[in-house]
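Survey of secondary and tertiary structure
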Amino acid sequence: MNRLICTALAAFCMAAFAADKPETEQRIRMLSEKLRCLVCQNQTLADSNAELAQDLRQQLREQVAAGRSDDQILDYLVQRYGDFVLYDPPFKATTVLLWVGPFVLLGIAGLVLVVTLRRRRRLPEEPTLGADAQRLVQRVLGPADEDKRGGSPR
Amino acid sequence: MKRAFWPLAIFLVLVGFLAVGLKLDPREVPSPLVGKPAPAFDLPLLHQPDKRFVPADMRGKVWLLNVWASWCVSCREEHPLLVELSRKGVLPILGLNYKDRGDEAQRWLKQFGNPYQLSVVDADGRTGIDYGVYGVPETYLIGPDGVIRFKQIGPITPAVLEQKILPLALSLKQ
């Protein structure tokens, strides 16, 4: 609900400011959706209505107006706030686990599944009795007859 | 026995991760600015708006840049600590008055005490963005070479002051 209001407010503000060319607006919107609002961390800059998010959107607007490229603008923010400001973290030594981890886990899970299934197939369908146990059964129940599975012979 | 061992082991590993996770603060984002030169600015002083300050004026000194505002509630939490620190005269503290109103900022300092050698006014928050500020208060320890050596996000606690800031400041002074 809160998020909805925030989004609506943000959309309203974006609309209110949309005096520039539509393609400029489009670019600002695209950029702000790639960026994290550092105050409400699970919202993008586009969704957030925190004061800092407004200031940063203003920065985006000015830099787009100044003719800087998308990469330059993203770099500008990464230099100040770190990779965390990007919703899509770059693939680096420190983020390898983040990117590869889920696939490694999936691989391990698959391996466990295959091993378990194989082991289960190798198991005999019914438990067989050892030699000692069979001798004991024969002694008690008499020689094996048609009812191999035991049960009461009497 | 072996069967019981695996779920237990997985559970313990999970508990370990969660225990570490509990102690981490997701709001503390490592600043890319630590180890880099403090961004330059040229801003008017809070008490003498006709005068200006640039960080280069502090070259050769170890100093704290504390981002504060009168509207910031947690700034009150750390303020007594800063006042105490300035009374001891360990290292100069400079204030960056972030997105505040001048009259309210001055009233706030009168009420709670002024630990700052001077405060500069960042009315539109632009310098704040250059410093990667996203949660006031924030404090930067800047070395004699003008490089940021430490950043505290949120209020300074006595533990942070004594275990991190002061030892680091001392080693920078030598």
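Because the structure is predicted, anything quoted here is derived from the model rather than measured.

1. Observations concerning the overall build of chain A
Assigned secondary structure in chain A consists of 6 helices and 0 strands. Ordering the α and β elements of chain A from the N terminus gives α-α-α-α-α-α. Put simply, chain A has 154 residues, and 15% of those count as buried. Excluding contacts between residues fewer than 6 apart, the proportion of contacts in chain A whose partners are at least 24 apart in sequence is 44%.

2. Topic: the overall build of chain B
Of the regular secondary structure elements, chain B holds 5 helices and 7 strands. Its helices and strands in sequence order give chain B the pattern α-β-β-β-α-β-α-β-α-β-β-α, from N to C terminus. Judged by the C-alpha coordinates and their principal axes, chain B covers about 80 × 35 × 30 Å. The buried share of chain B, reckoned over its 174 residues, is 37%. Considering only contacts within chain B whose residues lie at least 6 apart along the sequence, 73% involve residues at least 24 apart.

3. Some details on the nonpolar core
Residues L64, V136 and Y140 of chain B are the most contacted members of the largest nonpolar core, which totals 55 residues. If sequence neighbours within four positions are ignored, Y140 of chain B has contacts with A38, L64, L65, Y131, I148 and K151 of chain B.

4. Topic: the environment of N66 of chain B
Residue and element names in this part refer to chain B. Its place among the elements puts N66 in strand β3 (residues 63-68). Residues N66 and L12 lie 54 residues apart in sequence; the distance between their C-alpha atoms is 42 Å. Leave out the neighbours within four places in its chain, and N66 touches L82, I93, G95, L96, P137 and T139.

5. Overview of the interface of chain B and chain A
Opposite the 10 residues of chain B that make contact, chain A presents 12 residues. Taken together, the residues of the side of chain B that touches chain A sort by class into 6 nonpolar, 3 polar and 1 charged.

6. Structural notes on helix α3 (residues 102-112) of chain B
Residue and element names in this part refer to chain B. Turning to α3, its buried residues are A105, W108 and L109. Along α3, the residues classed as buried sweep out an arc of 95° about the axis, all on the same side. Opposite the buried face of α3, at more than 90 degrees from it, the exposed residues are D103, R107, K110 and Q111. In the segment just after α3, G113 is the residue with positive phi, at about 95°.

7. Let's talk about helix α1 (residues 2-23) of chain B
The first and last C-alpha atoms of α1 of chain B sit 32 Å apart over 22 residues, in line with the 32 Å expected at 1.5 Å per residue. Within α1 of chain B, only 0 of the 22 residues are buried, which leaves it mostly out in the open.

8. Overview of the pairing of strand β7 (residues 148-153) of chain B
Residue and element names in this part refer to chain B. In this sheet, β7 lies alongside strand β6 (residues 138-142) in antiparallel orientation, the contact comprising 5 bridges. Bridge pairing links T139 to Q152 in β7. Here β6 folds back onto β7, and the loop between the two strands holds 5 residues, one of which, G146, carries a positive phi near 80°.

9. Remarks on the sheet that holds β7 of chain B
Residue and element names in this part refer to chain B. A sheet is described by the order of its strands in space; here 5 strands give the open sequence β5-β4-β3-β6-β7, paired in mixed fashion. Two strands in the sheet have a free side with no partner beyond their single neighbour: β5 (118-122) and β7. Within the sheet, the average angular offset between the axes of one strand and its neighbour, ignoring direction, is 20°. Across 5 bridges, β3 lies against strand β4 (residues 93-98) in parallel orientation. Note that in β4 the partner of N66 across the bridge is G95.

10. Some details on the confidence of the model for chain A
Should the pLDDT be low somewhere, the predicted coordinates at that spot are not to be read in detail. Looking at chain A, pLDDT values average 79 and 77% of them are 70 or higher. Of all helices and strands in chain A, the one with the weakest mean pLDDT is helix α1 (residues 2-17) of chain A (54), whereas helix α5 (residues 96-122) of chain A scores best (91).

11. Some thoughts on the packing of helix α2 (residues 22-34) of chain A against helix α3 (residues 51-65) of chain A
Residues and elements named next belong to chain A. Where α2 meets α3, the closest approach of the two axes is 10 Å, and the angle between their N-to-C directions is 135°. Relative to α3, the element α2 is oriented oblique. Both α2 and α3 take part in a crossing whose hand is right-handed. Together, T24, R27, I28, L31 and S32 of α2 and R57, L60, R61 and V64 of α3 make up the contact between the two elements. Here the residues of the contact of α2 with α3 sort into 4 nonpolar, 2 polar and 3 charged.

12. Considerations on the pairing of β6 of chain B
Looking down a regular strand, the side chains alternate between one sheet face and the other. Residue and element names in this part refer to chain B. Taken across its 5 residues, β6 has 5 buried, putting it largely inside the fold. Residues E138, Y140 and I142 of β6 are buried on one face, and the alternating residues T139 and L141, pointing to the opposite face, are buried as well. Of the pairings in the sheet, the one linking β3 to β6 comprises 5 bridges and is antiparallel in character. Directly across from W63, in β6, lies its bridge partner I142.

Rules of the game
- Residues numbered from 1 in each chain as written.
- Chains lettered and ligands numbered in written order.
- Predicted model: local features only at pLDDT ≥ 70, side-chain atom pairs only at ≥ 80, totals over all residues.
- Helix = DSSP H or I, 4+ residues; strand = E, 2+ residues; numbered from the N terminus.
- Buried ≥ 20, exposed ≤ 12 C-beta atoms within 10 Å, placed from the backbone.
- Contact = placed C-beta atoms within 7 Å.
- Core = buried A, V, L, I, M, F, W, Y, C linked by C-beta atoms within 7 Å.
- Nonpolar A, V, L, I, M, F, W, Y, C, P; charged D, E, K, R; others polar.
- Arc of directions from axis to C-beta.
- Expected span 1.5 Å × (residues − 1).
- Pairing = 2+ DSSP bridges.
- Axes fitted to C-alpha atoms, helices over the stretch in contact; angles between N-to-C directions.
- pLDDT = per-residue confidence, 0-100.
- Parallel < 35°, antiparallel > 145°, perpendicular 65-115°, else oblique.
- Left-handed = near helix turned anticlockwise from the far one by under 90°.

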